[in-house]
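Commentary on secondary and tertiary structure
One-letter residues, chain by chain:
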Amino acid sequence: MVKSSKIAVSSMVALSVIVATAPSQQVHAATNLDQLMADVQNAGNVLKWAISVEGSADGVTQPWKQFNNAKMAIAKVEAALNGLSFSDKLRYEAQVVDTKVQIQRAQAYLDAITASTKIHAKTRALTKAVNSNNLDQVEKMYHEMTAEFRKQTILLDRVYGQSTRDRIRNAVKGPAEKLIVELKNDVTVHMLVKSAEAERRRGNYSETAKKVYEAQSILNANALLWENALQSRLNGVNSSLPLQIVSSSIVNNTTFSIKLNKPISSVKASEFTTNNGLTVTNASLSKDGQTIILTTSYQVPGSTYTLKYKANTVRFTVPGSVVPIYVGDKTIQHKETSEVIALAAIFNESNGQPSKATIRVDIPSGLRLVSVNGAANNTVGSKSVNVTPDKNGTVTIVFTAKDVNTAVLDKSISFNKIEKNKVVETQSSSSLNFYVAAKAGTIFKKTVHFIDSYNNYFVTTDGVQYNMKGNVDNFRNEGDYVSLDSFKAAMDKEDVVNGTYNPSSASSFNIVSNIVVASVNLDSRFSTILGTSGYRMDGNKIELYGTGQPNYEVFFFKNAGISLGKTKVKSNGTWTFTSDIEQNAITDYSLVLQSAGLANPSYVGRDVTTLRVIEGPFELGAISEGTSDDHNLANEVITFTIAPIKYKNGSTLAQDQANVTKQASIIVKDSDGTKVKFTNNQREAHIKTVKNGFTLSFDQKDKYKAVGTIIDKGKDGNLTGTLNVVSVEGITNEYGLNIQTNTRDVITGY
């Protein structure tokens, strides 16, 4: 019991000692840390002004003492913080943040001065090389200096404070950059001259010429410190080179430019030779004697030409291509006078073989030939050219307008097959038009000749083409501002237009006189093809569509004014209308356009668009029998006659004609299942258009040799007996209807 009391008393004494001494130690530690914090703040403040031009910084001297003092002060504080609680550490650490920021900025300042010293050293070395007048040494030191400059200027840009940063950069960066700019062209030309000299020693004259050309271009455009010395060395290289063409370019379709590696004193057109029908008509030389401008005959788009001058050869391809059209294509051609058209006509003999007869091509006035069957030709209409077809019986001509400044309207070219001095067959092109592009100026009372709504242009009766720019131009219809779509819907052939035109900026157009106020237009699909009696179709319904004045109404009548209904023109100027169609009959439609909301028109005759529709099947009427009756089609000519369209009372309504494509085919089948396909101009079979039909002929002399392609061998793989016509492909009427076959369509007597 006594022992326990002693222990308790002893513990209390010890505790009292601790309690008594702890406050004294804490006060001493806190006082010491506060002093260290004050040292940090003082060191940071001194460093801040040592790295700023607003303080003692001069952009040259490096304040290492101030930098190291700040770092040591921070280190002492961080060591003293190790014995404190987490919350006390945070409180004191927050007070040293500003000094740490100054240390980071000082590091960037010190690095920038080190970098500037390196740049300055390289700049002095380059200046010394310049003063030595040694170009090789200048080039070497230039590359060393620019490499150091690129590497060190990154450090210059990291200095804090605009004025301090500028103090350091301006001391070295400005002079260095100035020296780089002054010497850049000299060094570049010096390198090119050395490279040209090396290429010449190796005998690589083409590369030598390129280097000389590049160097001379720089010398011509700039003032150099060593200009005379470099020009002298360059002249020495150039004089030893053979004359060469270093570049060439197409200026336009009749002008070509070539650049020489060295000047010449004179040039003649006769010194140039070309191929593919191109001719050089004139050659002129630039003042420096190194550029030759050649005037040539028409350079056909897509064609490749070879031009030779002395020991030089240049090949060039004219941009663009000419897509050929064929005689028989009913599409009217609308081109600009600068464009080119290729037109082809195909002639065959009665046996289907390609014709070798002379073809006379009649060129109307205003047009000019460029080539005939690939050979250059410069015939200007009105004249004729005699041509022998190629191995396929084809005559292809390439032509354009005679003069780019003169429009050519509504022309046609004819191809005439001549036998015994007589024309035995004529094929004519569709209508050809070449328009002159409009120039900036006033449009006054010009009458509309043609409108291309899809491509946004119209042509006036003088053949001038005006482009409509929907997002720029202003459009009016009889003075009222309208949208482009409304303007196009309102414009008709024979309308009169005023305005101002600018090809590249805003134009204004005003329809001052409407031939038909607010016209209604059928889509071009419903156009009546020349030589036919009306638009052809086969079916019990027809969907009509076209354009008109937006938000107007189109009224439809048929035959003697029978009302069919109406439809509203959409805001984009389009409309559609579906109607039943009378079978095997002619239906005459009339379309009237008027403002929406008005009473139905009670008459037909004024402001009317009309369409004649002929309905009826496009099918075979008769098939001729063969002549040999030996169950072999060799040497046979079978004629397929197209059935006329007839009224219900049996009288003839219309007669279709056949259009045979190059891929046309006929499939037949005999009673034992053998099925054979005859394809135009393949395996001895030929399909050719004749009046009111077409023929299937075979020019195989060996009657035991198979013709056509077997699709199904059936029992024996041979055609025997009556042949059913299963299908006919690639043969249409003028409106694209495919010919129909029936079970009654058979071939016999072959």
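Structure shown above.
All values reported here derive from a predicted model rather than from experimental measurement.

1. Here's the deal with the overall build of the chain
Helix and strand content of the chain: 9 helices and 45 strands. Here the chain has a C-alpha radius of gyration of 47 Å; the compact-globule value for 750 residues is 27 Å, and the former is much larger. Based on the C-alpha atoms only, the size of the chain along its principal axes is roughly 145 × 100 × 75 Å. The buried share of the chain, reckoned over its 750 residues, is 42%. Summing over all exposed atoms, the chain offers an accessible surface of approximately 39000 Å²; the carbon and sulfur share of this is 50%. A distance of 8 Å separates the average location of the 81 positive side-chain charges in the chain from that of its 69 negative side-chain charges.

2. What to know about the pattern of salt bridges
Per the stated rule, a full pass over the model turns up 21 salt bridges. Glu 271 is the partner of Lys 310 in a salt bridge, and the nearest nitrogen-oxygen pair spans 3.2 Å. Highlighted residues: Lys 310 in the loop between strand S6 (304–309) and strand S7 (312–317) and Glu 271 in the loop between strand S2 (255–260) and strand S3 (272–274), separated in sequence by 39 residues. Here Glu 619 and Arg 744 are joined by a salt bridge, their closest N and O atoms 3.8 Å apart. Residue Glu 619 is located in the loop between strand S34 (608–615) and strand S35 (620–623), and its partner Arg 744 is located in the loop between strand S44 (723–732) and strand S45 (746–747); the two are separated by 125 residues in the primary sequence. Through salt bridges with shared partners, a single network forms among Lys 122, Lys 140 and Glu 144.

3. Some details on the nonpolar core
Among the nonpolar cores identified, the biggest contains 29 residues, and Leu 126, Val 138, Leu 183 and Val 189 are the most heavily contacted of them. Among the secondary structure elements, those contributing two or more residues to this core are helix H4 (97–132), helix H5 (135–156), helix H6 (162–201), helix H7 (205–221) and helix H8 (227–239). Element by element, the count of residues in this core is highest for H6, at 9 residues. Other than its neighbours up to four places away in sequence, Leu 126 contacts Val 138, Met 141, Tyr 142, Met 145, Leu 179 and Leu 183. Ranked by size, the runner-up nonpolar core spans 27 residues in total, among them Val 668, Phe 678, Leu 723 and Ile 747.

4. Re the environment of Ser 504
Among the secondary structure elements, Ser 504 is positioned in the loop between strand S25 (496–501) and strand S26 (508–513). Its relative accessible area of 70% is what places Ser 504 among the exposed residues. Once the C-alpha coordinates of Ser 504 and Lys 493 are considered, the two residues, 11 residues apart in sequence, prove to be 25 Å apart.

5. With respect to the sheet that holds strand S29 (residues 541–547)
As summarised here, the arrangement of the 3 strands in space is S27-S29-S32, forming an open sheet in which the pairing is antiparallel. Strands with a single pairing partner mark the edges of an open sheet, and in this sheet they are strand S27 (521–522) and strand S32 (574–580).

6. Re the pairing of strand S17 (residues 414–419)
The element S17 is extensively covered by neighbouring structure, given that 5 of its 6 residues are classed as buried. Two elements, strand S11 (residues 358–363) and S17, share 5 bridges in a ladder whose sense is antiparallel. Residue pairing in the sheet places Arg 360 in a bridge with Asn 416 of S17. In terms of strand pairing, S17 meets strand S18 (residues 422–428) through 6 bridges, oriented antiparallel. Following the sheet pairing, Ser 414 is matched in S18 by Ser 428. Counting the residues in the hairpin turn of S17 and S18 gives 2 residues, including Lys 420, whose phi is positive at 55°.

Cut-off values and rules
Residues numbered from 1 in each chain as written. Predicted model: local features only at pLDDT ≥ 70, side-chain atom pairs only at ≥ 80, totals over all residues. Heavy atoms only, no water. Helix = DSSP H or I, 4+ residues; strand = E, 2+ residues; numbered from the N terminus. Rg over C-alpha atoms; globule rule 2.2 N^0.38 Å. Buried < 20%, exposed > 50% of the residue type's maximum accessible area, 1.4 Å probe, protein only. Areas by Shrake-Rupley, 256 points an atom, 1.4 Å probe, with all protein chains shown as cover. Lys, Arg positive; Asp, Glu negative; His and termini not counted. Charge placed at Lys NZ, Arg CZ, Asp CG, Glu CD. Salt bridge = Lys/Arg side-chain N within 4 Å of Asp/Glu carboxyl O. Core = buried A, V, L, I, M, F, W, Y, C linked by side-chain atoms within 4.5 Å. Contact = heavy atoms within 4.5 Å. Pairing = 2+ DSSP bridges.

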